[in-house]
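Chain residues, written in single-letter form:
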Amino acid sequence: MLTIGDLQKVFKFQWWLAPFHFAGPCQIPCFIISRETSHTGLLYFHGNVGKFKSARSCSTAIWDALDESPVIQNEGNGKGIDFLYLMEERGIRANVQTYLWLFEGCLNSGSLFDAKKLHAKIFKSGFDCEHVLGSRLIDIYLTHDEIDNAIKVFDDMPSPSVSLWKEVISRLLSKKLASQVLALFSRLITENVTPNESTFATVLRACSGGKASFQFIEQIHGMIIHHGFGSSPLVCNPLIDLYSKTGHVDRAKLVFERLFLRDSISWVAMISGFSQNGREDEAILLFCQMHKSAVVPTPYVFSSVLSACTKIKSFKLGEQFHGFIVKWGLSSETFVCNALMTLYSRWGNLIAAEQIFSIMHHRDRISYNSLISGLAQCGFSDRALQLFEEMQLDCMKPDSVTVASLLSACASVGAGHKGKQLHSYVIKTGMSSDLIIEGSLLDLYVKCYDIETAHEFFLTTETENIVLWNVMLVAYGQLGNLSESYRIFLQMQNEGLMPNQYTYPSILRTCTSLGALDLGEQIHTQVIKTGFQFNVYVCSVLIDMYAKLGELDTARGILKRLREEDVVSWTAMISGYTQHDFFTEALKLFQEMEDQGIRSDNIGFSSAISACAGIQALNQGQQIHAQSYVSGYSEDLSIGNALVSLYARCGRVQDAYLAFEKIDAKDNISWNALISGFAQSGHCEEALQVFSQMNQAGVEANLFTFGSAVSATANMANIKQGKQIHAMMIKNGYDSEIEASNVLITLYSKCGSIEDAGREFFEMPEKSVVSWNAMITGYSQHGYGSEAVSLFEDMKRLGLRPNHVTFVGVLSACSHVGLVNEGLSYFNSMSKEHGLVPKPEHYVCVVDLLGRAGLLHHAREFIEEMPIEPDAMIWRTLLSACTVRKNIEIGELAARHLLELEPEDSATYVLLSNIYAVSGKWDYRDRTRQMMKERGVRKEPGRSWIEVKNSIHAFFVGDRLHPLAEQIYDYLDDLNKRAAEIGYVKERYNLLNDVEQGEKDPTAYIHSEKLAITFGLLSLSNTMPVRVIKNLRVCNDCHNWIKFVSKISNRAIVVRDAYRFHHFEGGVCSCKDYW
């Protein structure tokens, strides 16, 4: 008999029984059975009052009744099993519903042991093929992470239905077992089971964890299309998301476009996909399309579109979206607020970010992290730390992202002490082993230049963390310690860690900054061996290294082999061309990049505009600037600086000032662009005025600033101001820099003080090739040819490799002193000994060398045999020599070529006219002048300048406009008389015929340099040399006159004409009358 007492013994809890009704004399009453736990159940017992019927006849009724009743939860382990045993003792056979009820009890009680017992019972009872029991058993095993047992149960089930396959796959996915999901799906296909929409959707979600290859995803996509689900949102939405997350956003876009019915999830998936894959503009445009389609935006879609605006710095547009968010009533959504805070923080509008934070109804950890990160990036470390404390008071536990942001804030402002306090907090909270925290702490000590602490901390970390090794590489790179950086690079590999895509760039950048090309090439070899030669990030740094170190062909080769379209690599190459003055190549590559559909970044635009500045391509530079404006870089500092340089170098003074004023946050580069540009375009006074304004504004000048200012004074031959800037350089500690000495050598050379230039050169502790070139060129310009050649030989003996500039200086030196054979020998050695291909300027030097020596026929033959097409400078040099030597035949040949190449150049007409004049061919002279007049070509007038008492005085031929003109001409007469007394004989002015000379006042032909020198002798102290600049070549008569004047006045006179310097003293010129 199964009595109430039997039930009480099994379940061991109190029952209260209420009679319900009597169905007849042969039946026991029905009872409502309940427990104190408020769970109720109905047990219908059918049988004889004295005893139950046989188990076979009554089990169905009893356990059917059990199935219809709510589950009775047993307390304690094994009670369901005990009840099952009791049933067996009474001869009652359990059916499927019995086991389902017992399995439910196992799920509720969490007893895996009982479930396994029931599994064994089912197997013995022959119910192991029942799908409903197998499904419940799989559920229990998965709940207890018994994956193998769950799969085994599924494997033993005969012909599982599609719904069961889907259910098992779903349950595996809910346990985040993506690998098992994909394996099970593969079996499903192998066993020719037709998947349904839900199965495909589940599998696609499993693929998003990165466990599936792209080929596998494509195969699934093919099956989806094959089974007719290609336009089902249920399947296509996760497919769009999957393609987007794997970087194949174009595939995602195709799936999206083929959807006939797009729900809000479809739009969100596609917009998010664009935003996550660097196609922010398309994300924003798609949102606009969604808005037009009257699809109600969700909070998540606003989060994605705000993220897109943040990434491309379209902060104004993001602000407009904020208005939409308010309009749609989503401004209180937590993750929308988080995205808004990130937007405003990156914009620098921390007031708006804090306002959003303050009105949030619910703040999560991301809310705090977003604001803390924003404050950290803007340098507000104190406020970030304060918010960190508020976060803890808000019962929000900071995570590694929070602490990493705070460490970043401390690192950015050099707050090492606060960083160490955070380090203590990290240790206390047990986060010290977190990889992100380790990296941030090491980065803190590195950026605070506490390399010793950084190294000590590094030794305490897990050496398997390659990020830390990379940070240490950067640390020693910042210190310029390449040997230690390379030692760490080798040690890392010795300890079994292979360099990754971030390791190579870390050490390659150090090689770049220190000019260690040889080591960079070695590391490049290892890059190839380890298979990173096509990695975009590594290649971009390699291109940058080779481009900056002058190996442009190697850099271009890497770019050509690059398989992906990477804007950073392209802009690194463009920048390299620009830095090495290959401006045309830079612009061609910029155009090629655009033709391939690669959108330039700010570096590309600024480099292209700088290239335009280099060749004074004003219109093209303005067009590129317009492109940058349209591309959203209207306020970019680097582009603004490049634009200033463009206008300044093109001589557009007012436009340069306007562009400069439009820059809100001017930096050193902004000022330098203006100073350097004006100096290079000949507006040297403007350059020096800007330099003065920069000092008054309290902006710290750097080495480039001083170099540009010194160049401006050199171009003006303003030695006084040049020396003042030299003093400032010493005061600021730049006097020991090689670049500073180089520019000072040029300054003193151009100002006529070759002694000061030599002193600066010989006192240099270290010299670069540029230093030697500057001194050789200086000697050459001053007529010290022997000294220049001697210095060149010293340079070669020291093992320094001469370059193209060196040979221009040496060849010019040989030309100025008549060293014809030596000059030709040096020219031939360029290609034979030094591997240098002569450039047009070297051919010009050789023609000048031969022309000055009177070897005009040899010069013509040399031009005819040149491997390059002669340019205007070559023919002009030959024509000038013909004028001096009165060679009409070769002069006319040179003039014909010049008139074809540069018909607007006045020098050609003047030189040809002078040949005819000195040869007495007045008709030809007049014809040439008439042709010049008809073509509207104007001759540049001769002009001379001299500085007296901080003022520049300019003189023209026969000039009487000077305030002291009367005294100047009176003193000039006196000088002429005194010079004549010791042998000076005025040369007849041979450019005018007798009639013309008789018609004009003789003083009208007095050349400007005579007037400038006379004024200098009148105005300057007797101890000061007279320094004069002339824009044309000094004529024979003036040259002879100045020699005599230097003797009678006992003064040093320095004249810089269009070709060289002449030092006159005691009646002798440094050129030894060979010029």
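Residues numbered from 1 in each chain as written. Predicted model: local features only at pLDDT ≥ 70, side-chain atom pairs only at ≥ 80, totals over all residues. Heavy atoms only, no water.

A.B. asks: Any chance you could explain the sheet that holds strand β5 (residues 951-956) here in plain terms?
C.D. replies: Either a parallel or an antiparallel arrangement is found when strands of a sheet pair, and the pairing is made through backbone hydrogen bonds. With respect to topology, six strands assemble into an open sheet ordered β5-β4-β6-β7-β8-β9, the strand pairing being mixed. With one partner strand each, in any of the chains shown, β5 and β9 (1068-1069) form the two edges of the open sheet. Bridge analysis of strand β7 (residues 1053-1056) against strand β8 (residues 1061-1065) gives four bridges, and the strand direction is antiparallel. Looking at the pairing, valine 1055 lines up with histidine 1062 of β8. Most of the contacts of helix α56 (residues 1008-1019) go to strand β4 (residues 943-948), to which it runs at about 10 degrees, and overall it touches β4, β5, β6 (1026-1030) and β7. (Pairing = 2+ DSSP bridges. Helix = DSSP H or I, 4+ residues; strand = E, 2+ residues; numbered from the N terminus. Contact = heavy atoms within 4.5 Å. Axes fitted to C-alpha atoms, helices over the stretch in contact; angles between N-to-C directions.)

A.B. asks: Just checking my understanding: could you explain the pattern of salt bridges for this structure?
C.D. replies: A pair can form between side chains of opposite charge whenever their charged atoms are brought close. Under the definition given, this model contains 25 salt bridges. For arginine 251, the salt bridge identified is with glutamate 218, shortest N-O distance 2.4 Å. Pair noted here: arginine 251 is in helix α13 (residues 249-257) and glutamate 218 is in helix α11 (residues 214-226), with a separation of 33 residues, a long-range link. For the salt bridge of glutamate 484 with arginine 487, the shortest nitrogen-to-oxygen distance reads 2.5 Å. Here glutamate 484 pairs with arginine 487, and both are found in helix α27 (residues 482-494), just three residues apart, close to one helical turn. Relative accessible area serves as the criterion here: at 18%, glutamate 484 is assigned to the buried category. Members of the salt-bridge network, linked through shared partners, are Asp250, Lys253, Arg279 and Glu282. (Salt bridge = Lys/Arg side-chain N within 4 Å of Asp/Glu carboxyl O. Buried < 20%, exposed > 50% of the residue type's maximum accessible area, 1.4 Å probe, protein only.)

A.B. asks: Where do I start with a negative patch on the surface in this structure?
C.D. replies: Together, Asp518, Glu521, Glu551 and Asp553 make up a region of like negative charge exposed at the surface. Relative to the helices and strands, aspartate 518 resides in helix α29 (residues 517-529). (Patch = residues over 30% accessible without salt bridge, like charges linked within 9 Å, V, L, I, M, F, W, Y side chains within 5 Å. Areas by Shrake-Rupley, 256 points an atom, 1.4 Å probe, with all protein chains shown as cover. Lys, Arg positive; Asp, Glu negative; His and termini not counted. Charge placed at Lys NZ, Arg CZ, Asp CG, Glu CD.)

A.B. asks: Just to check I follow, could you spell out the side chain of asparagine 535 for this structure?
C.D. replies: Take asparagine 535: it is sitting in the loop between α29 and α30 (536-548). Within the local environment of asparagine 535, its side chain forms a polar contact with the side chain of glutamine 501, the two groups lying 3.0 Å apart. Polar contacts involving the side chain of asparagine 535 include one to the main-chain amide nitrogen of valine 538, which spans 3.0 Å. (Polar contact = N/O pair within 3.5 Å; in protein donor to acceptor, adjacent residues only side chain to side chain.)

A.B. asks: Looking at this structure, I do not really get the packing of α56 against helix α57 (residues 1036-1049). What am I missing?
C.D. replies: If you want to describe how two helices pack, look at the angle between their axes and the distance between the axes. Interaxial distance between α56 and α57 falls to 11 Å at its minimum, and their mutual angle equals 15 degrees. One finds that α56 runs roughly parallel with respect to α57. Read as a crossing pair, α56 and α57 show a hand that is right-handed. Counting all contacts with α56, which are made through Glu1009, Lys1010, Ile1013, Thr1014 and Leu1017, the residues of α57 involved are Asp1037, Cys1038, Trp1041, Ile1042, Val1045 and Ser1049. (Parallel < 35°, antiparallel > 145°, perpendicular 65-115°, else oblique. Left-handed = near helix turned anticlockwise from the far one by under 90°.)

A.B. asks: How should the nonpolar core be read in this particular structure?
C.D. replies: Within soluble globular proteins, side chains that are nonpolar generally end up buried alongside one another. If you look at the biggest cluster of nonpolar residues, it comprises 279 residues, and the most contacted ones within it are Cys207, Ile220, Ile523, Met573, Phe678, Met729 and Leu878. Excluding residues within four positions of it along the chain, cysteine 207 makes contact with Leu182, Ala212, Phe216, Ile217, Ile220 and Leu242. With 31 residues, the next largest nonpolar core counts Val948, Ile1042, Ile1053 and Cys1069 among its residues. (Core = buried A, V, L, I, M, F, W, Y, C linked by side-chain atoms within 4.5 Å.)

A.B. asks: Which parts of the structure should I look at to understand the packing of aromatic side chains?
C.D. replies: Two numbers describe a pair of aromatic rings. These are the distance of the centres and the angle of the planes. Under the defined criterion, the tally for this structure stands at 32 aromatic pairs. Note on phenylalanine 388 and tyrosine 425: the rings are 5.1 Å apart at their centroids and 90 degrees apart in plane angle, and the pair reads as edge-to-face. With phenylalanine 388 in helix α21 (residues 381-393) and tyrosine 425 in helix α23 (residues 416-428), the pair connects residues that are 37 residues apart, well separated along the chain. Of the two residues examined, phenylalanine 388 and tyrosine 425, each falls in the buried class. Taken together, the ring pairs in this structure connect Phe287, Phe302, Phe321 and Phe324 into an aromatic cluster. Of note, arginine 363 hangs over the ring of phenylalanine 357, and the distance from its end group to the ring centre comes to 4.2 Å. Its guanidinium or amino end placed over the ring of phenylalanine 660, lysine 666 lies 5.2 Å from that ring's centre, counting from NZ or CZ. (Phe/Tyr/Trp six-rings, centres within 6.5 Å; stacked < 30°, edge-to-face > 60°. Lys NZ or Arg CZ within 6 Å of the ring centre and 35° of its normal.)

A.B. asks: For this particular structure, what's the right way to read the packing of helix α44 (residues 769-781) against helix α46 (residues 804-817)?
C.D. replies: Interhelical geometry of α44 versus α46 gives an angle of 20 degrees and a closest axis separation of 8 Å. On the basis of their axis angle, the class for α44 and α46 is roughly parallel. The interaxial crossing formed by α44 with α46 has left-handed handedness. Residue-level contacts link Val769, Asn773, Ile776, Thr777 and Ser780 of α44 to Val805, Thr806, Gly809, Val810, Ser812, Ala813 and His816 of α46. Class assignment for the residues of the contact of α44 with α46 results in five nonpolar, seven polar and no charged. (Nonpolar A, V, L, I, M, F, W, Y, C, P; charged D, E, K, R; others polar.)

Keep in mind these values describe shape, not function.
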